[in-house]
Amino acid sequence: MKRVIIYGDIHGCLDELKALREKLQIQKNDIEISVGDILNKGPYLGHEMVRYVQEHHISVVMGNNEAKAIKQYRKYKKEGESFLKTLRPFEIATVMSLQEDDVAFLEKLPYFLRIENLTVLHGGLLPGMTLAKLSEAEKKEITLIRYVNKELHPIPWSDEHNRYKFWTDIYDGREGFIVSGHHPFEEPKISKYAIDIDTGCVYGRKLTAVTFPITKKGVDTLKPQFVSQKAKKDYWHEYIYGVKSEEY
């Protein structure tokens with residue numbers, strides 16, 4: 001049966017992606033999509049991730065890390081090496097690894113993909129937003145949305161005090177069933193009209209995919225199946241603290 005397969009945030013964890021695709025036993029008629037953030041933080045460089053998704057025909061929606069990498073690459077090309085001093089080491093590695101054709105690919109990424117009644121985007125959607133009429137500011141915003149406050153305004157990850165609800169808990173289904181990433185949970189967060197599929201692989205947890213069968217009536221979002229691959233190590237902890245974590 002034909003499937004839609006959607007991967008959570010990969011963040012350079014290419015070994016885990018390869019292992020996950022083996023578990024899924026990818027077929028020629030499967031449709032594979034990444035929720036974005038294929039770049040940064042993990043062990044594989046930006047150009048390696050771009051080449052892999054291209055070679056294996058994995059569609060990607062724009063994540064905040066792709067948008068950031070494009071901006072940083074363009075600024076580096078304009079300002080030279082002095083600009084690199086403003087970046088973190090993993091950002092420098094990404095910028096230096098990318099080539100012009102990689103960035104051209106990233107610049108063409110859509111902010112959302114729709115397959116019949118199923119929509120894939122990176123972050124989230126707020127009340128009043130319409131995907132077909134996104135402003136430039138809203139395009140950026142849908143890569144960043146996580147929690148909202150009581151006024152239903154988006155708030156930063158760090159603002160735990162004002163967290164009211166996660167965006168999927170107030171989403172009304174008007175743009176179809178949405179699969180997103182961006183905010184890592186221990187397990188996929190399943191709401192009535194949406195699933196957040198990011199399970200924090202780069203943080204030492206696991207990379208998760210959700211699959212849906214495609215029937216004559218469309219994508220059957222009532223029958224999601226989840227397949228995961230455990231992370232080899234906590235790559236982010238190793239970067240932040242400079243202490244190698246054991247592979248597991």
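Small disclaimer: the values here were computed from a predicted structure and weren't measured.

J.: Looking at this model, I keep getting lost on the nonpolar core. Mind explaining?
T.: Across soluble globular proteins, you tend to see nonpolar side chains buried next to one another. Judged by nonpolar contacts, the single largest core of 36 residues is most densely connected at Tyr7, Ile10, Leu17, Ile38, Leu39, Leu98 and Leu106. Mapped by element, the contributors of at least two residues to this core are strand 1 (3-7), helix 1 (14-24), helix 2 (46-55), helix 3 (64-79), helix 5 (100-107) and strand 12 (206-215). Residue contacts for Ile38: discarding those within four places in its chain leaves Ile10, His11, Gly12, Met49, Val50, Val53, Val60 and Glu66. Counting 17 residues, the second-largest nonpolar core is a separate cluster that includes Leu125, Phe166, Tyr171 and Ile178.

J.: Whenever I open this one, the pattern of salt bridges confuses me. Can you help?
T.: When the charged atoms of two side chains lie near each other, side chains of opposite charge can form a pair. Using the criterion set out here, one finds 17 salt bridges in the structure. Note that Arg51 is salt-bridged to Asp101, the shortest N-O span being 3.7 Å. Remark: Asp101 occurs in helix 5 and Arg51 occurs in helix 2; sequence separation between them is 50 residues. Under the relative-accessibility criterion, Asp101 is labelled partly exposed at 47%. Across the pair Lys223 and Asp220 runs a salt bridge whose closest N-O atoms are separated by 4.0 Å. Look at Lys223 and you get exposed, because its relative accessible area is 55%. Residue class for Asp220 comes out buried when judged on its relative accessible area of 17%. Through salt bridges with shared partners, a single ionic network connects Arg51, Asp101 and Asp102.

J.: It is not clear to me how the packing of helix 3 against helix 4 (residues 89-97) should be interpreted in this structure. Could you clarify?
T.: Describing two packed helices takes the angle between their axes plus the distance from one axis to the other. At their nearest, the axes of helix 3 and helix 4 sit 9 Å apart, and the two run at 70° to each other. For the element pair helix 3 / helix 4, the angle class is roughly perpendicular. Here helix 3 contributes Lys68, Ala69, Gln72, Tyr73 and Tyr76 to the contact with helix 4, which in turn contributes Glu91, Thr94, Val95 and Met96. In the contact of helix 3 with helix 4, the residues fall into five nonpolar, two polar and two charged.

J.: Any chance you could explain the sheet that holds strand 8 (residues 165-166) here in plain terms?
T.: Neighbouring strands of a sheet are bound in pairs by backbone hydrogen bonds; such pairs are parallel or else antiparallel. Overall, antiparallel pairing links the three strands, which are arranged 7-6-8 in an open sheet. Each of the sheet's edge strands pairs with one partner strand only, and the pair in question is strand 7 (154-155) and strand 8. Relative to strand 8, strand 6 (residues 147-148) runs antiparallel, the two being bridged by two bridges. In the strand pairing of strand 8, Tyr147 is matched with Phe166.

J.: Help me understand the sheet that holds strand 9 (residues 177-180), please; the structure alone is not making it clear to me.
T.: Taking strand neighbours across the sheet as the criterion, the five strands line up as 4-5-9-11-10 in an open arrangement whose pairing is mixed. Of all the strands in the sheet, the pair left with one neighbour each is strand 4 (112-115) and strand 10 (189-190).

J.: Just checking my understanding: could you explain the pairing of strand 5 (residues 118-121) for this structure?
T.: It is a general feature of regular strands that their side chains alternate between the two faces of the sheet. With burial as the criterion, each face of strand 5 is covered, one bearing Leu118 and Val120 and the other bearing Thr119 and Leu121. Bridge analysis of strand 4 against strand 5 gives four bridges, and the strand direction is antiparallel. Residue pairing in the sheet places Phe112 in a bridge with Leu121 of strand 5. Hairpin remark: strand 4 followed by strand 5, antiparallel, with two residues in the connecting loop; positive phi at Glu116, about 55°. With three bridges connecting them, strand 5 and strand 9 associate as parallel partners. Counted as the bridge partner of Val120 is Val179 from strand 9.

Cut-off values and rules
The numbering scheme is per chain: residues are counted from 1 as the chain's sequence reads. In view of the model being predicted, local features appear only for residues whose pLDDT reaches at least 70, and side-chain atom pairs are presented and counted only at 80 or more, with totals across whole chains, interfaces and linings using the full set of residues. Side-chain numbers come from the whole structure's heavy atoms, not from hydrogens or water. For this analysis, a nonpolar core means a set of buried residues of the types Ala, Val, Leu, Ile, Met, Phe, Trp, Tyr and Cys, connected via side-chain atoms within 4.5 Å. A 1.4 Å probe rolled over the protein chains alone gives each residue an accessible area, and that area as a share of the maximum for its type sets the label: buried under 20%, exposed over 50%, partly exposed in between. A helix here means a DSSP run of H or I that spans at least four residues, while a strand means a run of E at least two residues long, and both kinds are numbered starting from the N terminus. Note on definitions: a residue-residue contact is assigned when non-hydrogen atoms from the two residues lie within 4.5 Å. Any carboxyl oxygen of Asp or Glu within 4 Å of a side-chain nitrogen of Lys or Arg constitutes a salt bridge here. To define axes, lines are fitted to C-alpha atoms, for helices over the stretch in contact only, and angles between the resulting N-to-C directions are given on a 0 to 180 degree scale. Here roughly perpendicular refers to angles of 65 to 115 degrees, roughly parallel to angles under 35, roughly antiparallel to angles over 145, and oblique to all remaining angles. Three residue categories are used. Nonpolar comprises Ala, Val, Leu, Ile, Met, Phe, Trp, Tyr, Cys and Pro, charged comprises Asp, Glu, Lys and Arg, and polar comprises the others, including Gly. Pairing between two strands is assigned when DSSP locates at least 2 bridges connecting them.

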